[in-house]
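# Examining the three-dimensional arrangement
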Amino acid sequence: MTTIRSVAIVGAGQMGAGIAQAVAAGGYQVLLYDAAADRVPQAQAAIAASLARQIDRGLIDPASADAALSRITAASSLAAAARADLVIEAAVEDEAVKKSILTELVPHLGPDTLLASNTSSISITRLASVTDRPERFIGLHFMKPAPVMRLVEIVRGIATSADTYETAVAFAESLGKTTTNAEDFPAFIVNRILVPMINEAIYTLYEGVGNVASIDKALKLGANHPMGPLELADFMGLDVVLAIMNVLHEGLADTKYRPCPLLVKYVEAGWLGRKSGRGFYDYSGDTPAPTR
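Description of the structure in this document. Bear in mind that the values here come from a model prediction, so they are computed numbers and not experimental data. (Residues numbered from 1 in each chain as written. Predicted model: local features only at pLDDT ≥ 70, side-chain atom pairs only at ≥ 80, totals over all residues. Heavy atoms only, no water.)

### Description of the overall build of the protein
Helix and strand counts for the protein stand at 12 helices and 10 strands. On the principal axes, the C-alpha backbone points of the protein span a range of 55 × 45 × 30 Å. Within the protein, buried positions represent 46% of all 292 residues. Here the analysis covers contacts within the protein between residues at least 6 apart in sequence; of these, 65% occur between residues at least 24 apart. Between the averaged position of the 25 positive side-chain charges in the protein and that of its 31 negative side-chain charges there is a distance of 3 Å. (Helix = DSSP H or I, 4+ residues; strand = E, 2+ residues; numbered from the N terminus. Buried < 20%, exposed > 50% of the residue type's maximum accessible area, 1.4 Å probe, protein only. Contact = heavy atoms within 4.5 Å. Lys, Arg positive; Asp, Glu negative; His and termini not counted. Charge placed at Lys NZ, Arg CZ, Asp CG, Glu CD.)

Right, dumping it as structure tokens:
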């Protein structure tokens, strides 16, 4: 199998920062890059705060936290990030953006570098097609929040080699993760099941069957879910939920995957959930308050 010592994360948003933390905690050298230069120091600060919370909960000791932070370095350019043994693209869930990044990366990659995407729904085969190494391209779908969630979906494109797959599984497991193999169909396994459920919850709100509080309470107490579906949508980001529903609707051509108009309207309004301060809950106060 390919030996991985250094890992580059392209995209320093919430997912990119979380993956960087998980990978650094696993003992790897991490290069963190974002086209918006100010996002990398923000991500490093968020990682430091996350590690501090883990110390407070007794999950790690201060020396381990300091060691993990020391392994994360800001990459000055995409070319610098491309020097890693494994490059994980963790940009927004937009196929055009991801393909643009991958196309720009390719000329700077070493011959043995592995490429992965953290996409939660987009075809690995299509993303791999814009690179010079579809056999060394794979989906590594970390769940949010990446440092805490145990699962990584491993998604092979049509050309992904057995060596790349085995290396990806071994890498994820070295981080203390459990892997599951998903075929390259729209939204893979987790989001193929989860996001339509969230969309149906939004339809339930849209049609007046229940309000935000009653819907979330019903699923938490009636189905033993740790978070209600609308609370979870806000946590994921409503723009991400909409993007995944669009991939499902377009990729499978089934009306049951039509995004709820209320979801579309919230995204159009910029009400994206926790990250924007407002979604199905208003996060401006001490306690999140339902907006409907």
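### Describing the nonpolar core
In this structure, Ile88, Leu140 and Phe171 are the most contacted members of the largest nonpolar core, which totals 36 residues. The element contributing the most residues to this core is helix H1 (residues 14–25), with six residues. Ignoring any residue separated from it by four or fewer positions in sequence, one finds Leu140 in contact with Leu86, Ile88, Ala116, Ser117, Asn118, Val152, Glu153, Ile154, Ala168 and Phe171. Core analysis: the next-biggest nonpolar cluster, separate from the first, contains 27 residues, Ala187, Ala201, Ile215 and Val241 among them. (Core = buried A, V, L, I, M, F, W, Y, C linked by side-chain atoms within 4.5 Å.)

### Considerations on the pairing of strand E1 (residues 6–10)
By the criterion of burial, E1 is predominantly enclosed, with five of the five residues buried. Of the two faces of E1, both are covered, the one formed by Ser6, Ala8 and Val10 as well as the one formed by Val7 and Ile9. The sheet contact formed by E1 and strand E2 (residues 29–33) spans five bridges and is parallel. Within the sheet, the bridge partner assigned to Ser6 lies in E2 and is Gln29. With H1 bridging E1 and its parallel neighbour E2, the resulting β-α-β unit is right-handed. Here E1 pairs with strand E4 (residues 86–89) via four bridges, running parallel. Paired with Ala8 across the strands is Val87, a residue of E4. (Pairing = 2+ DSSP bridges. Right-handed = clockwise from strand over helix to strand, strands pointing away.)

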